[in-house]
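# Overview (structure and organization)
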Amino acid sequence: NAVKIFNEKEVDELSLIDITAGREGRKPNIKKIREIASEAFMPVSYGGGITHIDEVKEILFTGIEKVIINKSAVHNPQLISDIAEKFGSQSIMVSIDVKKNIWGKYRVYTEGATKDTGLHPVQFAKDCVRKGAGEILLTSIDRDGTYKGFDLEITYAVASAISVPLVACGGAGSVTDFLNAVKEGNASAVAAGSMFVFQRPHNAVLISYPSQEALERQLYSTL
């Protein structure tokens, strides 16, 4: 139902991410992925539980445009190269979850943003691109769900260090935040979750999305 609503609101792209699959050791649910992809009029990317090239093939054959890997990019970086070589760099996006550790240093986290890998997001992003990643999805865990705007410091640092598009995620609360991420953070694109899907009492869900007119007036025309 959510996908159908996003279709009507002319969303540019949908990222479907099973955020607990890696931590729980679950494989991608191909049947569900195919069902969702068949409802979407926009390009869809999928991430969650991907550990093997054969799973990537299955996912792409459901109609998904690209796969997103997170934990596997840390523990099996060769998978990035394998996907890029077999299906092209445009089919592989690496998701980097970043937050500050107890010493205030930016670090890459996995396991649903619970495990500090010790990796610095700028160097890790550069390594992923060198291995074949065609896009980076950078999520600020500290800002996620806060509606306080993107972390422009780390967004700019990573975006300026790589040669492929960076999608900023985590903290969006308004179209102005989108604009700041692109203009000040040097992001190529922006993503949001909580801003578009609101959980209400009694499990009611309200899906919201800026009108195309608002996006043109407040975002596209100013870039």
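This report concerns the structure included in the present document. Please read all numbers here as calculations on a predicted model, not as lab measurements.

To continue, consider the overall build of the protein. Per the secondary structure count, the protein includes 10 helices and 11 strands. Here the C-alpha radius of gyration of the protein, 17 Å, is about what a compact globule of 223 residues would show, namely 17 Å. Here the C-alpha coordinates of the protein stretch approximately 45 × 40 × 35 Å along the principal axes. Counting over 223 residues, the protein shows a buried share of 46%. Considering only residue pairs separated by 6 or more positions, the protein has 60% of its internal contacts joining residues 24 or more positions apart. For the protein, the computed accessible surface area is about 11,400 Å², with 49% contributed by carbon and sulfur atoms. Within the protein, the 27 negative side-chain charges are centred at a point lying 4 Å from the centre of the 25 positive side-chain charges.

Summed over all chains, the structure comprises 3 aromatic pairs. Their ring planes at 40° and their centres at 6.4 Å tell us that F150 and F178 sit as a pair that is tilted. Of this pair, F150 sits in the loop between β7 (135-140) and α8 (152-159) while F178 is found in helix α9 (residues 175-183), placing the two residues 28 residues apart along the sequence. Each member of the pair, F150 together with F178, is buried. For the ring pair F178 and F196, a centre distance of 6.3 Å and an interplane angle of 65° mean the geometry is edge-to-face. With a gap of 18 residues between them, F178 in helix α9 and F196 in the loop between β9 (189-190) and β10 (197-199) connect regions that are remote in the sequence. Accessibility assignment for this pair places F178 and F196 in one class, buried.

Here we take up the state of the cysteines. Disulfide: a covalent bond formed between the sulfur atoms of two cysteine residues. The tally for this structure, following the rule as stated, stands at 0 disulfides. C128 takes part in no disulfide bond, and the closest cysteine sulfur, belonging to C169, lies 17 Å away. Overall, the relative accessible area of 2% leaves C128 in the buried class.

Within helix α7 (residues 121-131), burial applies to P121, V122, F124, A125, C128 and V129. Buried positions in α7, seen along its axis, are confined to an arc of 165° and lie on one side of it. Next to the buried residues of α7 lie α5 (71-75), α6 (78-87), β4 (92-100), β5 (106-110), β7 and α8. Looking one or two places after α7, you find G132, whose phi comes out positive at around 125°.

In this section: unusual backbone geometry. A positive phi is found at E10, a non-glycine position, where the angle reads about 60°. Of note, E10 is situated in the loop between α1 (2-8) and β1 (14-17). Positive phi values are uncommon outside glycine, yet N186 reaches one of about 65°. Residue N186 is classed as partly exposed on the basis of its relative accessible area of 37%.

Conventions and cut-offs
- Residues numbered from 1 in each chain as written.
- Predicted model: local features only at pLDDT ≥ 70, side-chain atom pairs only at ≥ 80, totals over all residues.
- Heavy atoms only, no water.
- Helix = DSSP H or I, 4+ residues; strand = E, 2+ residues; numbered from the N terminus.
- Rg over C-alpha atoms; globule rule 2.2 N^0.38 Å.
- Buried < 20%, exposed > 50% of the residue type's maximum accessible area, 1.4 Å probe, protein only.
- Contact = heavy atoms within 4.5 Å.
- Areas by Shrake-Rupley, 256 points an atom, 1.4 Å probe, with all protein chains shown as cover.
- Lys, Arg positive; Asp, Glu negative; His and termini not counted.
- Charge placed at Lys NZ, Arg CZ, Asp CG, Glu CD.
- Phe/Tyr/Trp six-rings, centres within 6.5 Å; stacked < 30°, edge-to-face > 60°.
- Disulfide = S-S within 2.5 Å.
- Arc of directions from axis to C-beta.

Honestly, it's all geometry; don't read function into it.
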